[in-house]
Amino acid sequence: MILLPVAATGEEHVTVAVASNFAATVRDIAAQFSRESGLEVRITAASTGKLYAQIVNGAPFDILLAADAERPQRLEDVGAAVPGTRFTYALGGLVLWSRQVDDCREALRRDGQGRIAIANPETAPYGAAAKSFLQRSGLWESLSGRLVIGENIAQTLQFAASGNAQVGFIARSQLQAPSLPQASCSWPVPEAMHSDIDQQAILLQRGADVDGAKSFLSFLRGDAGRAIILRHGYRLPEVKE
């Protein structure tokens, strides 16, 4: 992989829109990429659904790092992204987490006791995964009145960590956060019990002719990028030959 320096491209920065769960990870990736390439990486983090809406409405991003496969596919379908550039960069996991109760799963079964934090299922893939788990477990209807909805997975963790919710469905990668309080319980939700969290990247039309954006995506899927992703608590997709 060859990283193009600023002098070779005439570019000063790359703009990356990233799902909230991956924000800390992409900052580490961007820091190493910038050291090696000389290019600044400007990062905007929000829920995948919110970023998708911004891109459709002309937001000036070169790259989208989504928390699902659906929105990158839709951007490709409507001509807002470059065909053939979409790939899975990380596989996310869901964790039920609390600092208030001793048994996270039991907290879901207590009638009317305690709030449950999830990210917005309409805009945040981790929220959609949490909803699918509750539906498959037969709990969605009975617990709907106890849910507190985070705008994204970062806010969802804030609800659980602050005590505004008794338990919360958070991203597995968030367990790596140095500022995370000590948990009273933490239960990894089995992957077979929720919808897949295939996090995909895609080059947007604004970045189609930006060599730095292409170099960043190459770095992301290369050995250095994958090592950082793994260190932040994600699983990695298999490398296709």
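Above: the structure in question.
Reading the values: rules and limits
Residues numbered from 1 in each chain as written. Predicted model: local features only at pLDDT ≥ 70, side-chain atom pairs only at ≥ 80, totals over all residues. Heavy atoms only, no water. Salt bridge = Lys/Arg side-chain N within 4 Å of Asp/Glu carboxyl O. Buried < 20%, exposed > 50% of the residue type's maximum accessible area, 1.4 Å probe, protein only. Core = buried A, V, L, I, M, F, W, Y, C linked by side-chain atoms within 4.5 Å. Contact = heavy atoms within 4.5 Å. Phe/Tyr/Trp six-rings, centres within 6.5 Å; stacked < 30°, edge-to-face > 60°. Helix = DSSP H or I, 4+ residues; strand = E, 2+ residues; numbered from the N terminus. Pairing = 2+ DSSP bridges. Axes fitted to C-alpha atoms, helices over the stretch in contact; angles between N-to-C directions.

Caption draft 1: Geometry of the pattern of salt bridges. Counted under the stated rule, the structure contains 9 salt bridges. The partner of E40 in a salt bridge is R42, with the nearest N and O atoms 3.4 Å apart. You can call E40 partly exposed: its relative accessible area is 40%. Residue E191 pairs with R235 through a salt bridge whose shortest N-O separation is 2.9 Å.

Caption draft 2: Geometry of the nonpolar core. Membership of the largest hydrophobic core comes to 56 residues, with the highest contact counts inside it found for F22, L65, L108, F169, F216 and L220. Other than its neighbours up to four places away in sequence, L108 contacts L96, I116, F133, L134, L139, L143, R146, V167 and F169. Core analysis: the next-biggest nonpolar cluster, separate from the first, contains 14 residues, A17, L51, I55 and A81 among them.

Caption draft 3: The arrangement of the packing of aromatic side chains in detail. This model, assessed by the stated rule, comprises 6 aromatic pairs. Between F22 and Y234 the ring centres are 5.3 Å apart and the planes differ by 65°, which places this aromatic pair in the edge-to-face class. Of the two residues, F22 sits in the loop between β1 (13-19) and α2 (23-37) while Y234 sits in the segment after α10 (223-231), which places them 212 residues apart along the sequence. Y234 sits in the buried class, given a relative accessible area of 3%.

Caption draft 4: Region of interest: the environment of A31. Among the secondary structure elements, A31 is positioned in helix α2. Each C-alpha atom of the pair A31 and V41 lies 8.0 Å from the other, and the pair is 10 residues apart in sequence.

Caption draft 5: Region of the structure containing the environment of K131. Within the fold, K131 resides in helix α6 (residues 125-136). The spatial distance from the C-alpha of K131 to the C-alpha of E238 is 27 Å, given a sequence separation of 107 residues. Excluding its chain neighbours within four sequence positions, the residues that come into contact with K131 are P121, E122 and W140.

Caption draft 6: How the structure looks around the sheet that holds strand β6 (residues 116-119). Reading across from one edge, β7-β6-β8-β5-β9 is the order of the 5 strands in this open sheet, with mixed pairing throughout. Because the sheet does not close on itself, it has two edges, and the strands there are β7 (147-150) and β9 (185-188). The average angle at which neighbouring strand axes cross in this sheet is 25°, direction not considered. In this sheet, β7 lies alongside β6 in parallel orientation, the contact comprising 4 bridges. What sits directly across from I116, in β7, is L147. Sitting on the sheet, helix α8 (residues 153-162) is in contact with β5 (94-98), β6, β7 and β8 (167-171), with an inclination near 145° to β8.

The values reported here are purely geometric and, on their own, carry no functional implication.
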